[in-house]
Amino acid sequence: MKESSIKNRRILIRNIENGETIADTKIKRFDSMANAIYISADSIKDIKYYKLSVFIFADDCLYEYYGTTKGVMVGDEIKVLLGKHKDKDDRSRTRYPVVLEGSIDGIIIEGNVINLRKAIYIKTVNMSANGILMEADSGCFTVGDCFSVRLKVEGRGINLHCKIVRVQNKSMLTDEYGCKIIEIWINR
């Protein structure tokens, strides 16, 4: 991970012990020698020691780490030590309540993207490094369907190729779709 790929990017930080979101902010800088990122001190309400789960919307991908913060301010910054990076096949990934809007412009059939005449609009409920729970119109998808979705994050588009792994009814008009992320790329 390089500072140029994560500086000024969005970061979500959660307390591992109770699941509370501690900060949803931007990265001020990255120290590769200490494997630490710095965020603005005013992004954390209660400055103290935490065991953390960290989700970084980097320039080229999404990162998920375990980490800690000692709760010590250095100037107007808080240092977050990044620990172990979670493995790709880890099923116990932390879910982050991330509300983003997006659209599904194409369905993937036998490896080919078939563009839709009318996009399907979605809203994310939560995300992890390898999955997304989204809300869309009822009956749009069934388990096994693959599609391409474009999410809007900080004026840029994140494109995901996803596969539906579960569907649950939310209301008469909407369903929640649990999706496995197959591939990610970010438009500038």
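In case you missed it, the structure is sitting above this.
Going along each chain's sequence as written, the residues are numbered from 1 onward. Only residues with pLDDT of at least 70 are given local features in this predicted model, and only at 80 or more are side-chain atom pairs given and counted; all residues enter the totals for whole chains, interfaces and linings. Excluding hydrogens and water, the side-chain values take into account all heavy atoms of the structure.

Let us look at the packing of aromatic side chains. Centres within 6.5 Å are what make two rings of Phe, Tyr or Trp a pair, Trp counting through its six-membered ring; a difference in plane orientation under 30 degrees is then read as stacked, over 60 as edge-to-face, and the rest as tilted. Enumeration over the complete set of coordinates arrives at four aromatic pairs. With centroids separated by 5.4 Å and ring planes inclined at 90 degrees, the aromatic side chains of F141 and Y177 adopt a geometry described as edge-to-face. Of this pair, F141 sits in the loop between β9 (131-137) and β10 (146-153) while Y177 sits in strand β12 (residues 174-187), and the two are 36 residues apart along the sequence. Classification of residues uses two cut-offs on accessible area relative to the type maximum, computed with a 1.4 Å probe and protein chains only: under 20% is buried, over 50% is exposed, and between them is partly exposed. When its relative accessible area of 0% is taken as the criterion, Y177 is described as buried. An aromatic cluster of three or more residues is present, and its members are F141, F147 and Y177. Our definition puts a charge over a ring when NZ of Lys or CZ of Arg is within 6 Å of the ring centre and also within 35 degrees of the ring normal. The ring of Y38 has R29 lying over it, and the distance from NZ or CZ to the ring centre is 3.8 Å. Strands here mean DSSP runs of E at least two residues long; helices mean DSSP runs of H or I at least four residues long; both are numbered from the N terminus.

Whether two strands pair depends on DSSP finding at least two bridges between them. An order of β1-β2-β3-β6-β5-β4 is seen for the six strands of this closed barrel, with the pairing classed as antiparallel. Across the sheet, the axes of successive neighbouring strands diverge by a mean angle of 45 degrees, strand direction being ignored. Here strand β5 (residues 62-74) pairs with strand β6 (residues 77-85) via six bridges, running antiparallel. Residue pairing in the sheet places Y65 in a bridge with H85 of β6. Only C-alpha atoms enter the line fits that serve as axes; for helices the fit covers just the stretch in contact. Angles between N-to-C directions range over 0 to 180 degrees.

So, about the pattern of salt bridges. By salt bridge we mean one thing: a side-chain nitrogen of Lys or Arg within 4 Å of a carboxyl oxygen of Asp or Glu. This model, assessed by the stated rule, comprises five salt bridges. In this structure, E77 and K28 form a salt bridge, with 4.0 Å as the shortest nitrogen-oxygen distance. Here E77, found in strand β6, pairs with K28, found in strand β2 (residues 21-31); they are 49 residues apart in sequence, far enough to count as distant. Taking the relative accessible area as the measure of exposure, E77 reaches 10% and is therefore buried. Taken together, the salt bridges that share partners define one network made up of K28, R29, D76 and E77.

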